[in-house]
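# Understanding the architecture of this molecule
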Amino acid sequence: MNAQKVVTPSADGIAASARAAKGRGLPPVHKWNPPFCGDLDMRIARDGTWFYLGTPIGRFELVRLFSSILRKDGDKYFLVTPVEKVGITVDDAPFVATDFEVKGEGEAQVLTFTTHMGDVAEAGPDHPIRVERDAETGEPSPYILIRANLEALIDRKSFYRLVDIGAHHDVDGQSWFGLWSGGQFFPMIPSADLPD
């Protein structure tokens, strides 16, 4: 009788599997369905810092490798390789959009965002922008979809720049303040709720 080897997940093991599976571009994590091996003591903080066993991971190349095998299934985040799948904790969004470029104006405007991991996404139908407002404080948290259910929190300095180029547009009979990109309007806040 063959006994199956019990695998205890570790950051080193996940990194080795990811390196072995990595080719050009992002790995096809959406096609991989390995067994769940448990949760790893790894966390992505709201500011985009990755922690392992409570300590920040200082090597950008290693964090970039982990980010390339990140997948969100439902409300949970996993690092996925062809041979194992481990759960990790994400405080808010797994990425932070730290900058953007603007081309064009008005409805023809295109906003291209860059994350702290070097991912690039052009806001539009495939990469929508959304804004959540804190129920108690009204504080906005803006996001852009980067890839396959993985969002980036748009950092504060970029959000202030976005507000400077925002516009008013009617959505379902109500005036909204928001952004145009890729031929689509992304509402941020009802115009009536803007401070005077």
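For the structure, see preceding data.
Quick look at the structure, then. (Residues numbered from 1 in each chain as written. Predicted model: local features only at pLDDT ≥ 70, side-chain atom pairs only at ≥ 80, totals over all residues. Heavy atoms only, no water.)

### Brief notes about the overall build of the protein chain
In terms of helices and strands, the protein chain carries three helices and 15 strands. Taken over 196 residues, the protein chain has a buried fraction of 42%. Here the analysis covers contacts within the protein chain between residues at least 6 apart in sequence; of these, 52% occur between residues at least 24 apart. Accessible surface computed for the protein chain: about 11,100 Å², of which carbon and sulfur atoms make up 50%. (Helix = DSSP H or I, 4+ residues; strand = E, 2+ residues; numbered from the N terminus. Buried < 20%, exposed > 50% of the residue type's maximum accessible area, 1.4 Å probe, protein only. Contact = heavy atoms within 4.5 Å. Areas by Shrake-Rupley, 256 points an atom, 1.4 Å probe, with all protein chains shown as cover.)

### Overview of helix 3 (residues 156–164)
Structurally, the α-helix is built with 3.6 residues per turn, so residues lying three or four positions apart point the same way. Along helix 3, the residues classified as buried are Ser 158, Phe 159 and Leu 162. Burial along helix 3 is one-sided: seen end-on, the buried residues are contained in an arc of 100°. Facing away from the buried side of helix 3 by more than 90 degrees, the exposed set consists of Arg 156 and Asp 164. In this structure, the buried side of helix 3 is in contact with strand 7 (95–103), strand 8 (110–115), strand 11 (140–147), strand 12 (150–154), strand 14 (174–181) and strand 15 (184–190). (Arc of directions from axis to C-beta.)

### Structural notes on the packing of aromatic side chains
Scanning the entire structure with this criterion turns up four aromatic pairs. A ring pair is formed by Phe 36 and Phe 78, whose centres lie 5.9 Å apart and whose planes are at 90°; its orientation type is edge-to-face. With a gap of 42 residues between them, Phe 36 in strand 1 (residues 36–44) and Phe 78 in strand 5 (residues 76–80) connect regions that are remote in the sequence. Of the residues examined, Phe 36 reaches a relative accessible area of 49% and is grouped as partly exposed. Look at Phe 78 and you get buried, because its relative accessible area is 9%. Summarising the aromatic geometry, the rings of Phe 100 and Phe 113 are spaced 5.4 Å apart at their centres and angled 35° between planes, so their arrangement reads as tilted. (Phe/Tyr/Trp six-rings, centres within 6.5 Å; stacked < 30°, edge-to-face > 60°.)

### Description of the side chain of Gln 109
Among the structural elements, Gln 109 can be located in the loop between strand 7 and strand 8. At 2.8 Å, the side chain of Gln 109 and the backbone oxygen of Trp 180 are in polar contact. When near neighbours in sequence (up to four residues on either side) are disregarded, Gln 109 contacts Val 102, Lys 103, Gly 104, Ile 165, Trp 180, Ser 181 and Gly 182. (Polar contact = N/O pair within 3.5 Å; in protein donor to acceptor, adjacent residues only side chain to side chain.)

### Section: the sheet that holds strand 4 (residues 70–73)
The strand order across the open sheet built from six strands is 3-2-1-6-5-4, with neighbouring strands paired in mixed fashion. The open sheet has two free edges, formed respectively by strand 3 (55–56) and strand 4, since each of these has just one partner strand. Where strand 4 meets strand 5, four bridges bridge the pair, whose relative direction is antiparallel. Bridging across to strand 5, Asp 73 finds its partner in Lys 76. (Pairing = 2+ DSSP bridges.)

### What about the environment of Pro 82?
Topologically, Pro 82 is positioned in the loop between strand 5 and strand 6 (85–90). Sequence separation between Pro 82 and Trp 32 is 50 residues, and the spatial gap between their C-alpha atoms is 5.6 Å.

### Here we look at the pairing of strand 14
Here five bridges tie strand 13 (residues 167–171) to strand 14, and the two strands are oriented antiparallel to one another. Along strand 14, the bridge assignment pairs His 169 with Trp 176. Taking the residues that link successive antiparallel strands as the turn, the strand 13-strand 14 hairpin has two residues, and the phi of Asp 172 there is positive, at about 50°. As defined by bridge partners, strand 14 adjoins strand 15 across six bridges and the pair is classed as antiparallel. Bridge pairing links Leu 179 to Phe 186 in strand 15. Between strand 14 and strand 15, which pair antiparallel in sequence order, lie two residues; one of them, Gly 182, sits at a positive phi of approximately 60°.

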